[in-house]
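# Structure at a glance
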Amino acid sequence: MDDEKHVRDAIKLLVDWSAFGIDDVLEAADGESAIALIAEERPQIVYTDMMMPNTDGLSLLRWIHEHAPECKTIVISGHDDFEFVRGAVKYGGMDYLLKPIDAGQLHEITEKAVQSWNEDERERLESQMRSIRMNSLRPVYRDKLLSSLVDEPGSYYDAKASFAQEFPELAEGAACRIAVVAADTMHGKLRDKFAAHTDLLLFSLTNICNEMIGEPRQGFAFRYWNTHYPIALLVWSRPERLPQLLESINDGLHRTFQARVEFGVGDAHPFPAGAKRSFAEAETALRHRNLLKRTAWIHPFDPNEPSRSAELHFSDFDDQVRLAIRSASKEKIEEAIRGWIERVRSTNAVTMEHLDLWKHEFQVLKSRWVKEFFPGDDAEKRLPLESADLPIPLNDRGELSLERWQEEMTDSLVRLAELVRKAAQQENNLIYDIAKYVQSRLDSDISVQEVAAHFYLSREYVSRRFKQEFGETISDFILRHRMERAKTLLLNPSLKIAQVAHMVGYDDEKYFSKVFKKAVGATPAEYRRKPGD
């Protein structure tokens with residue numbers, strides 16, 4: 001910025017701009033024009049004279065220092081004046097060059113200005129990235145603070161400064177109240193919209209809750225990581241109005257997703273110790289609600305509500321269901337499960353506590369049946385692969401659908417019955433393969449252990465299954481077939497008894513004769529003389 005055009009031209013010619021990666025060089029004839037140009041273009045380096053019309057150099061430097069501090073300024077003046085030099089230093093000037101311009105000095109100070117600007121830009125970018133990272137991590141940090149508070153209220157005192165920074169409205173001793181979202185009975189429209197993106201669903205719900213809380217902030221919705229209820233709302237301003245706030249949140253959800261969610265609401269208690277108690281009450285309110293019939297979306301905790309203990313147990317149907325699986329009949333399985341569902345329906349009320357108990361009993365019995373049906377060491381591998389935490393089957397109103405639950409249980413057991421049927425068929429085929437293998441080796445010293453090893457089975461398993469199928473032990477089977485073969489061979493007079501003994505697996509003729517007499521009632525020689533008997 002210089003009112004003398006020949007000076008501006010000299011600067012443009014003396015600096016190798018391309019060497020510094022500078023593409024655009026702008027100029028202004030006075031300080032006022034320079035201010036307008038700098039405000040619009042935000043240049044990296046500004047060269048200015050001190051004596052200019054309209055706005056002088058000191059005024060320009062002062063404006064740059066206040067409004068464009070990232071600019072690097074270099075003064076080029078024909079006046080060796082102390083006040084000018086002091087002003088340039090005061091307002092951040094890189095250097096003060098005197099006219100006429102020395103090309104070497106100009107190149108050197110330009111290089112320093114470019115390096116200084118690049119270093120500052122890197123620092124600005126790093127600071128910006130740090131700020132972005134902090135802003136993205138801040139909600140997670142708030143979630144961690146509040147989750148820790150719910151788990152252990154004493155953690156508040158370890159992080160008191162952080163609470164004061166993140167939640168300055170929270171005061172010790174003030175009444176606070178917590179509500180939790182029932183994620184397990186979320187409306188089908190919400191589940192369908194987000195499909196497998198559960199985290200995105202929870203993120204969206206949390207944001208909507210916080211938007212509805214509004215400003216001034218009267219509470220905060222956060223992700224709670226250690227429960228079946230992953231979204232919680234902590235309210236500290238007018239906690240008695242929390243149910244109305246939840247109704248407003250549900251209205252907002254309905255406008256956005258055409259769906260609502262259920263909330264459990266704890267009572268108000270002094271902060272911070274009361275947060276854990278209020279959270280537990282909110283959970284209890286949800287666990288005690290009747291899943292068969294929704295009467296409300298908001299479920300406040302009622303300390304006087306009687307406990308609904310489970311008087312019905314799935315284990316009472318153990319025999320009926322186990323026999324139905326054994327039959328491998330889908331109709332029998334459907335009949336057994338239908339009987340169970342009708343008993344559930346007759347209770348008129350099913351809570352989350354009931355449902356969790358029955359699901360647990362169902363899984364335990366299935367595991368027991370599998371060990372019974374598949375007694376091998378890998379019995380658990382036979383269990384059909386199913387999620388351990390299946391969603392609650394709901395109808396269009398978001399209530400527990402006994403019909404869908406019946407279908408799920410029936411399908412699960414039909415799959416198990418099919419495995420039992422196939423396994424039984426395979427085992428029967430295997431036992432007959434074992435029998436064929438034994439018969440093909442009657443002329444060798446065969447043992448049960450050898451048979452088991454050949455089929456990669458345990459000795460105990462082979463012995464038990466063989467007797468179940470043939471009604472005799474494998475040793476008796478071998479002996480019986482050896483004796484039958486020996487009797488056939490003895491009919492051939494050209495074979496010596498020692499040869500017959502060897503051909504049925506006995507190297508010792510005397511031992512063979514002893515075993516033969518015990519089994520047949522006559523020695524081999526006696527049997528040969530009386531072949532018709």
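Report follows, based on the coordinates.

Calculation notes
Residues numbered from 1 in each chain as written. Predicted model: local features only at pLDDT ≥ 70, side-chain atom pairs only at ≥ 80, totals over all residues. Heavy atoms only, no water. Salt bridge = Lys/Arg side-chain N within 4 Å of Asp/Glu carboxyl O. Helix = DSSP H or I, 4+ residues; strand = E, 2+ residues; numbered from the N terminus. Buried < 20%, exposed > 50% of the residue type's maximum accessible area, 1.4 Å probe, protein only. Axes fitted to C-alpha atoms, helices over the stretch in contact; angles between N-to-C directions. Parallel < 35°, antiparallel > 145°, perpendicular 65-115°, else oblique. Left-handed = near helix turned anticlockwise from the far one by under 90°. Contact = heavy atoms within 4.5 Å. Polar contact = N/O pair within 3.5 Å; in protein donor to acceptor, adjacent residues only side chain to side chain. Pairing = 2+ DSSP bridges.

What follows deals with the pattern of salt bridges. Inspection of the entire model under this criterion finds 20 salt bridges. Residue Arg42 pairs with Glu70 through a salt bridge whose shortest N-O separation is 2.9 Å. Residue Arg42 is found in the loop between helix 2 (31-41) and strand 1 (45-48), and its partner Glu70 is found in the loop between helix 3 (57-67) and strand 2 (72-77); the two are separated by 28 residues along the sequence. A salt bridge links Glu484 to Lys487; its shortest N-O distance comes to 3.4 Å. With a gap of three residues between them, Glu484 and Lys487 both fall in helix 18 (residues 474-490), about one helical turn apart. The class for Glu484 is partly exposed, based on a relative accessible area of 43%. Connected through shared salt-bridge partners, Asp318, Asp319, Arg322 and Arg368 make up one network.

It is worth spelling out the packing of helix 12 (residues 318-327) against helix 14 (residues 352-373) at this point. As a packed pair, helix 12 and helix 14 sit with axes 11 Å apart at the nearest point and diverge in direction by 45°. One element, helix 12, and the other, helix 14, form an angle in the oblique class. Two packed elements cross with a definite hand, and for helix 12 against helix 14 that hand is right-handed. For the pair helix 12 and helix 14, contact is made by Asp318, Val321, Arg322, Ile325 and Arg326 and by Leu365, Arg368, Trp369, Glu372 and Phe373, respectively.

Let us now look at the side chain of Asn250. Tracing the backbone through its elements, the reader meets Asn250 in helix 10 (residues 242-257). By relative accessible area, which is 0% here, Asn250 ends up buried. A polar contact of 2.9 Å, which involves the side chain of Asn250, links it to the backbone nitrogen of Val261. Excluding anything up to four places from it in sequence, Asn250 contacts Ala259, Arg260, Val261, Phe263, Trp297 and Ile298.

Our focus in this paragraph is the sheet that holds strand 2. Spatial strand order, 1-2-3: three strands in an open sheet with parallel pairing. The two strands at the open ends of the sheet, each matched to only one other strand, are strand 1 and strand 3 (93-98). Across this sheet, the average inter-strand angle for adjacent strands is 15°, counted without regard to direction. Strand direction decides the pairing type here: strand 2 and strand 3, joined by five bridges, are parallel.

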